[in-house]
Amino acid sequence: MLGRAITCLIMVWAFTAEVSAQSITALPAIGPEVSVHIDTALAPVSIADLPEPPLQDYAYLDAFQARLDEVMTRPESVGLAVAVLDRGAPILVYVAGEEEAGSGRPITEETLFRAASVSKGMTGTLFAILEAQGRLDMDASVPRELLPLPRMRSATVLEVLSQRTGLPPHALDRAMERGGNVSELRSRIWQQRPICQPGTCYSYQNVAFGSLEVIAAQAAGLDFATALRAHVFERIGMPHASVGAEALQASESWARPHRRRDRTRDGLPQAGDPSSSYDATPAAASVNVSITDMIAWAQAQLGTSGRLPVDILERIQTSQGDTPTQTRRLYRLEDRIESTGYGLGWRVYNWSGRRLLTHSGYLSGYGAQIYLEPETGFAYVALWNNDGSAPWWLFPTLMDLRTGDGPADWLDLLDED
């Protein structure tokens, strides 16, 4: 039986990266040299500035916690960390299970998980901060030395961040997963057959997204992981966040991956090995976070902590265009989600008339999700360390319970499949 530690807080008011073997100095200048200064003493935005919600007793959280408990009884479940915020304040924090099955080491609010593609929003935020400081221009082209697009003009930084390069979806991801060197793969990206001109259609990328690491490093005067820590993690107040599998394993508490199948390396099983081929693209998928970090991340993006100015939030969260292929892939959610778009590392959903910002992340043995409703200060964040399907259906369950728009039977439907 998995050991559990569950914390529920009901409160109405509260409160590398691969910088490439190529020297960054060999690339064209992207902005003026500026000394690094991180101002973490920003005036907070009062929660009272948010629209007053209808009075509620959060009774739906009892039903939702019962669903969380149900997920943790499933044989594939190992560790789970979830938080729900309203008006920017945590109203539920749930941590359950173990770092590793049978270890007796409980998941805590400080336990690190892999954020996977949730990392993309953090990269987008880093770029918006650097742009606001005058260090780079997101409308500038990505140098062809970093991203030689096929038979077309270069993509801008903004177009790469918003997944509008014109490349076929997931270009060269499989080659990277087979062990291909990411810098070498990007040098061959001109061989890909484009699906559109840059900026004119959406197509999700990882290898191409990683081209941003050198630009960020050059603009910040720091390697990418250090820049992300200095300008994003420290500014926002994410004390446990780090980049890469080595940093994860060096932490005091970290969740081991639990996969349907153990990978092999040199013929040997690698149970519990958190490393991934996607560590070669840290801008896209290599951040590690605790649930405490994710709460701070959600509050910053909601604007309630005051750690990010409104103009930066607008720059990050504004959709750069529709993502019809994403809308078509929303299995069983077509009655809830009317349209989708993509900002700078953020998906933008029209969820039954509500504007939600979201991103999910998956690496073998890990999952991560975040949903925000900035207009109300509502947020949901979740981290887990298994390949099971059930955690992915917790958010629609929560939304049905919160809004009354549906029967909240998503986990039951999963069992019927």
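Quick notes on the rules
- Here the residue numbering is sequential within each chain, running from 1 through the sequence in written order.
- For a predicted model such as this one, the threshold for reporting local features is a pLDDT of at least 70, and the threshold for listing and counting side-chain atom pairs is 80 or more; totals across whole chains, interfaces and linings nevertheless cover every residue.
- To get the side-chain values, take all heavy atoms of the structure and skip hydrogens and water.
- Throughout this description, buried means an accessible area under 20% of the type-specific maximum (1.4 Å probe, protein chains only), exposed means over 50%, and partly exposed covers the range between.
- Each helix is a run of H or I in the DSSP string that is no shorter than four residues. Each strand is a run of E no shorter than two, and both are numbered from the N terminus.
- When DSSP locates at least two bridges between a pair of strands, those strands are taken to pair.
- Any two rings among Phe, Tyr and Trp, with Trp reduced to its six-membered ring, count as a pair given centres within 6.5 Å; such a pair is stacked if its planes are under 30 degrees apart, edge-to-face if over 60, and tilted if neither.

1. Looking at helix H13 (residues 394-403)
Then step 1. For H13, the buried fraction is high: seven of the 10 residues fall into the buried class.
Then step 2. For H13, the full list of buried residues reads Leu394, Phe395, Pro396, Thr397, Leu398, Met399 and Asp400.

2. Describing the sheet that holds strand E4 (residues 242-243)
Then step 1. Overall, antiparallel pairing links the three strands, which are arranged E3-E7-E4 in an open sheet. Only two strands of the sheet have a single neighbouring strand rather than two, namely strand E3 (113-114) and E4.
Then step 2. Where E3 and strand E7 (residues 287-289) come together, two bridges link them in antiparallel fashion. Paired with arginine 114 across the bridge in E7 is asparagine 288.

3. Structural notes on the pairing of strand E8 (residues 337-342)
Then step 1. With five bridges connecting them, E8 and strand E9 (residues 347-351) associate as antiparallel partners. The partner of isoleucine 337 across the bridge, within E9, is tryptophan 351.
Then step 2. Between E8 and E9, which pair antiparallel one after the other, the connecting turn spans four residues, and glycine 345 there sits at a positive phi close to 80°.

4. A word on the packing of aromatic side chains
Then step 1. Under the counting rule described, the total for this entry stands at 13 aromatic pairs.
Then step 2. Between phenylalanine 64 and tyrosine 380, the ring centres sit 6.3 Å apart and the planes meet at 70°, which makes this aromatic pair edge-to-face. Linking phenylalanine 64 in helix H1 (residues 60-72) with tyrosine 380 in strand E12 (residues 378-384), this pair joins segments that are 316 residues apart in sequence.
Then step 3. By relative accessible area, which is 0% here, phenylalanine 64 ends up buried.
Then step 4. Between tyrosine 331 and tryptophan 393, the ring centres sit 6.1 Å apart and the planes meet at 70°, which makes this aromatic pair edge-to-face. Of the two residues, tyrosine 331 is situated in the loop between helix H12 (324-328) and E8 and tryptophan 393 in the loop between E12 and H13; the sequence distance between them amounts to 62 residues.

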